[in-house]
Amino acid sequence: MFVREVRERLVRYTLVVCASTSILIVLLIFLFLLREAQPFLRSPGLGALLAAEWKPKSMQQVSFGLLPLITGSLLVTALATAIAIPFGVCGAVYIAEIAGPREREILKPFIELVAAIPSVVLGFFGLVVVAPLVKGTFALPSGLTAITGAILLALMAVPTIITISEDAIRSVPKAYKDASLALGANRVQTIWKVIVPAALSGIIASIMLGMGRVIGETMAVIMVTGNAPKTTLSPISSVRTMTATIAAELGEVPFGSEHYQALFWVGIVLLLATFLLNLVAMRVLKAYRRA
Amino acid sequence: MRLQVSEQLVIWLVRLVTYSMVAVVGYILFDIVWKGAGVLSWTFLTTSPSVDGRGGIFPAIIGTFYLVTGTIAVALPLGMASAIYLTEYAKQGRLTGLIRLAIVTLAGVPSIVFGLFGLGLFVLFLNFGTSILAGSLTLACMILPTIIVSSEESLRAVPLALREASLALGATKWETIRKSVLPYAIPGMLTGSILGVGRAAGETAPILFTVAAFYLPNLPRSIFDQVLALPYHLYVLATQYPNPEQVRPTQYGTALVLLLLVLGLNVGAIVLRTHFRKRYRW
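### Things to note about the overall build of chain A
- Along the backbone of chain A there are 12 helices and two strands.
- When the elements of chain A are put in sequence order from the N terminus, they spell out α-α-β-β-α-α-α-α-α-α-α-α-α-α.
- Along the three orthogonal principal directions, the C-alpha set of chain A runs to about 75 × 75 × 30 Å.
- Counting every position in chain A, which comprises 291 residues, the buried fraction comes to 54%.
- Summarising the internal contacts of chain A: among those between residues at least 6 apart in sequence, 71% fall at separations of at least 24.
- Carbon together with sulfur atoms contributes 68% to the accessible area of chain A, which is approximately 13,000 Å² in total.
- Averaged over its 24 positive side-chain charges, chain A has a centre that lies 4 Å from the centre of its 15 negative ones.

Here you go:
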């Protein structure tokens, strides 16, 4: 009997330790980003990140202003979200309410597959096919622009939006739908005036989670946005996002230099931004599920 | 009557938007398969790349294989154990809440941040250098949430009655889990981990600074060596050569191999999932 009890305890403790590694990893991520970034606090000081320009390699005056990188990320994310919302919401409504059961069985796994396409493959497609298209359409000298990146990122956000929105739409009580139809509303009126509003917070959460994925995406962006760190809101201008900056520059900087530390600060800003976005989205989903 | 026409119109519009998206994705897949298929050959798959960007991708395939194996060897046991704890043992409480928050946070961390973290912890602090070990550990941290969540799902699908019956016969908790729960849950858990493998095989950002080599015609000898990996190799081929047009066939070939690998794993997981769902109908 004694052996059995010892074994039970041993198993239990092992499992607790394993389950706690997730907490450990999250703590280590924060810790090690800060560890590499912290010498920057003494010199040149955190204020240097507020400068207007990102010129880490300038001969005259280096400048580590995050502004152009943040606007770059925001611009691309906003454009991608704007493109993804109609496709995502229509897709979710179609799969949940309009498609037949057979059609749904095919469409749902297909959407899951889209989410699985490696971002570097999408980036490659963007580089070879989408960029020349953008270049031709807007008569630009180069097709590597914010909008090119946004088109690809929208493609990555859509599966997230569809999967979670569809879930939200399907969990709207059937009584709502029946009541609406019984009152003489047709299918379309029922969908847009009853079902979608009832599922709205789930849909909003799905959009936020999609944005979280977009803002953190690296490879597709680095390959097609042109990588010019400038502060602009023009969709057809070349921009550089926070993720692309880290990926493009970290490989070439000397370890421990100010530039190296600045890149870790970019990582910290990125981590906090996605963390907040996900936290709010989870809260919305949770509140919605309880209701 | 007018109402009915507009109703049909809206339904067709929603259908059109949905299928236009399907068409775009279909075109992407078609483009890569069409232009990549001509490049695929036994030589392409089994020879080393040459300096000018042409040649085969054998070291990249092997490199990705090593990375994925290392990743799954770390992430699978950890993820399964976490899931068993969360579904079978954990009570509502502070620790459980913290673990759940950590998993959600981890799932949302951008892949490039995992790269920074891997560089700071594994490459520099633990002094593994840019190596298979550092890269695998970084990728393992990244796919851990995927494995935990899908393992939990398959554990929860096992009916409570099975556990109650086993406990009523005098089995201890662990004996119950091992003999009455896991045999039914393991297929589902493995299916979920295939999805994790697919993600690890396709990601580029986490391996940029932890393992991937720019150009390396040789195969690795130990877990402390650098490797070529398919996704990073594609990135290098597509962006780092002065004449990308000339390397285009190799780029398409590499993209196709990567796509087939990742989508193959995902289709496999979906098929297996349907298969097991049909087999156990409680």
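### Comments concerning the packing of aromatic side chains
- Within this structure, the stated rule accounts for 15 aromatic pairs over all chains.
- Ring centres of Phe65(B) and Tyr66(B) lie 6.3 Å apart, and the angle between their planes is 45°; this geometry places the pair in the tilted category.
- On the accessibility criterion, Phe65(B) (54% relative accessible area) is exposed.
- An aromatic cluster of three or more residues is present, and its members are Phe40(A), Trp54(A) and Phe64(A).

### Side note on the domain arrangement of chain A
All names here are of chain A.
- According to the domain assignment, chain A consists of domain 1 (2–37) and domain 2 (50–290).
- On a C-alpha basis, the centroid separation for the pair domain 1 and domain 2 is 33 Å.
- Listed by partner, the interface residues are seven residues for domain 1 and eight residues for domain 2.
- Carbon and sulfur atoms make up 81% of the area that domain 1 and domain 2 hide from each other, which totals about 700 Å².
- Considering only the surface of domain 1 that becomes buried against domain 2, Leu33, Glu36 and Ala37 emerge as the three largest contributors, covering 70% of it.

### Here's the deal with the nonpolar core
- Membership of the largest hydrophobic core comes to 179 residues, with the highest contact counts inside it found for Ile29(A), Leu250(A), Ile112(B) and Phe117(B).
- The contacts of Phe117(B), once residues within four sequence positions are left out, are Ile25(A), Leu28(A), Ile29(A), Phe32(A), Leu33(A), Phe122(B) and Cys141(B).
- Counting six residues, the second largest nonpolar core, distinct from the first, contains Ala205(A), Met208(A), Leu277(A) and Leu285(A).

### Quick look at the interface of chain B and chain A
- Residue-level contacts link 81 residues of chain B with 75 residues of chain A.
- Together chain B and chain A conceal approximately 6,900 Å² of surface at their shared face, both sides included; 80% is due to carbon and sulfur atoms.
- Linking chain B with chain A are three salt bridges, by the criterion used here.
- A salt bridge links Glu112(A) to Arg273(B); its shortest N-O distance comes to 3.6 Å.
- Taken together, the connections running from chain B to chain A amount to nine residue pairs in polar contact (both at pLDDT 80 or more).
- Within the residue set of the side of chain B that touches chain A, elements represented by two or more residues are helix 1 (2–37), helix 3 (58–89), helix 4 (94–108), helix 5 (111–125), helix 6 (132–156), helix 8 (173–202), helix 9 (230–239) and helix 10 (244–279) of chain B.

### Some thoughts on the layout of surface pockets
- If you add up the space inside the second largest pocket, you get close to 510 Å³.
- Around the second largest pocket, the lining comprises 25 residues; the ones closest to its centre are Ala247(A), Ala248(A), Gly251(A), Glu252(A) and Tyr232(B).
- Elements that contribute at least two residues to the lining of the second largest pocket include exactly helix 11 (242–249) of chain A together with helix 5 and helix 9 of chain B.
- Partitioned by chemical class, the residues of the lining of the second largest pocket number 16 nonpolar, five polar and four charged.

### Re the pattern of salt bridges
Residue and element names in this part refer to chain B.
- Applying the stated rule across the entire model yields 17 salt bridges over all chains.
- Between Glu88 and Arg163 there is a salt bridge; the shortest N-O distance is 2.7 Å. Of this pair, Glu88 sits in helix 3 while Arg163 is found in helix 7 (residues 160–168), placing the two residues 75 residues apart along the sequence. The pair Glu88 / Arg163 is uniform in exposure class, with both members buried.

### Here's the deal with unusual backbone geometry
- Between Ser43(A) and Pro44(A) the backbone carries a cis peptide bond, its omega angle lying at 5°.
- Of note, Pro44(A) is situated in the loop between helix 2 (39–42) and strand 1 (54–55).
- Positioned with a positive phi, Asn127(B) is a non-glycine residue whose angle comes to about 60°.
- By the secondary structure assignment, Asn127(B) is in the loop between helix 5 and helix 6.

### Description of the confidence of the model for chain B
- The pLDDT averaged across chain B works out to 89; a share of 98% of its residues lies at or above 70.
- Predicted as a complex, the structure gets a pTM of 0.91 and an ipTM equal to 0.91.

### Describing the environment of Phe30(A)
All names here are of chain A.
- Considering the arrangement of structural elements, one finds Phe30 in helix 1 (residues 2–37).
- Overall, Phe30 belongs to the partly exposed group, its relative accessible area being 28%.
- The sequence separation of Phe30 and Ile268 amounts to 238 residues, and the corresponding C-alpha distance is 7.9 Å.
- For Phe30, the contacting residues outside a window of four places in its chain are Leu271 and Leu272.

### What to know about the packing of helix 3 (residues 67–98) of chain A against helix 9 (residues 200–215) of chain A
Residues and elements named next belong to chain A.
- Running from amino to carboxyl end, helix 3 crosses helix 9 at an angle of 140°, the nearest separation of the two axes being 10 Å. Regarding the angle of helix 3 to helix 9, the classification is oblique. Where helix 3 crosses over helix 9, the two elements pack in a sense that is right-handed. Two secondary-structure elements touch here, helix 3 through Ser73, Thr77, Ala80, Thr81, Ile85 and Val89 and helix 9 through Ile203, Ile207, Met211, Val214 and Ile215.

### Concerning the side chain of Thr71(B)
Residues and elements named next belong to chain B.
- Looking at the secondary structure, you find Thr71 in helix 3.
- Taking relative accessible area as the criterion, Thr71 reaches 1% and is therefore assigned buried.
- Only 2.6 Å separates the side chain of Thr71 from the backbone oxygen of Leu67, close enough to count as a polar contact.

Thresholds applied
- Within any chain, residue numbers begin from 1 and follow the written order of that chain's sequence.
- Lettering for chains starts from A, numbering for ligands starts from 1, and both go in the order in which the items are written.
- It should be noted that, the model being predicted, local features are given only for residues of pLDDT at least 70 and side-chain atom pairs only at 80 or more, the latter also being counted only at that level, while totals for whole chains, interfaces and linings use all residues.
- Only heavy atoms go into the side-chain values, all of them from the structure, while hydrogens and water stay out.
- The helix count covers DSSP runs of H or I at least four residues long, the strand count covers runs of E at least two residues long, and both are numbered beginning at the N terminus.
- Exposure categories follow from relative accessible area, calculated using a 1.4 Å probe and restricted to protein chains: below 20% of the type maximum is buried, above 50% is exposed, and the middle band is partly exposed.
- Residue contacts are counted whenever heavy atoms from the two residues lie within 4.5 Å of one another.
- Computed with the Shrake-Rupley method and a 1.4 Å probe, the accessible areas treat only the protein chains shown as cover for residues.
- His residues and chain termini do not enter the charge count, which takes Lys and Arg as positive and Asp and Glu as negative.
- To locate a charge, take atom NZ for lysine, CZ for arginine, CG for aspartate or CD for glutamate.
- Any two of the Phe, Tyr and Trp rings considered here, Trp counted by its six-membered ring, make a pair once their centres fall within 6.5 Å; the pair's planes then place it as stacked at under 30 degrees, edge-to-face at over 60, or tilted in between.
- Start and end positions for the domains come from either an automated domain assignment or a database one.
- Summed over both partners, the accessible surface that disappears when two parts come together, traced with a 1.4 Å probe, is what is meant by buried area.
- Side-chain atoms within 4.5 Å link the members of a nonpolar core, which is a set of buried Ala, Val, Leu, Ile, Met, Phe, Trp, Tyr and Cys residues.
- Salt bridges are identified by distance alone: a Lys or Arg side-chain nitrogen within 4 Å of an Asp or Glu carboxyl oxygen.
- Pairs of N or O atoms within 3.5 Å make up the polar contacts considered here, provided that, within protein, one atom can donate a hydrogen while the other can accept it, and that residues adjacent in sequence are counted only when both atoms are side-chain atoms.
- Cavities and pockets were defined on a 1 Å grid built over protein atoms only: a cavity is a set of grid points that admits a 1.4 Å probe from which the probe cannot escape, a pocket is an open set flanked by protein on both sides within 12 Å along at least five of seven lines, and lining residues are those with an atom within 4 Å of any such point.
- Grid points are joined across faces, edges and corners, and a volume is the space filled by probe spheres set on the points.
- Under the scheme applied here, ten amino acids are nonpolar (Ala, Val, Leu, Ile, Met, Phe, Trp, Tyr, Cys and Pro), four are charged (Asp, Glu, Lys and Arg), and all others, including Gly, are polar.
- Confidence scores per residue from the predictor, reported as pLDDT, run from 0 to 100.
- Axes here mean lines fitted to C-alpha atoms, for a helix over just the part in contact, with angles spanning 0 to 180 degrees between N-to-C directions.
- An angle counts as roughly parallel when it lies under 35 degrees, as roughly antiparallel when it exceeds 145, as roughly perpendicular when it falls between 65 and 115, and as oblique in every other case.
- Crossings are sorted by hand: turned counterclockwise from the far helix by less than a right angle, the near helix makes the crossing left-handed, and turned clockwise it makes it right-handed.

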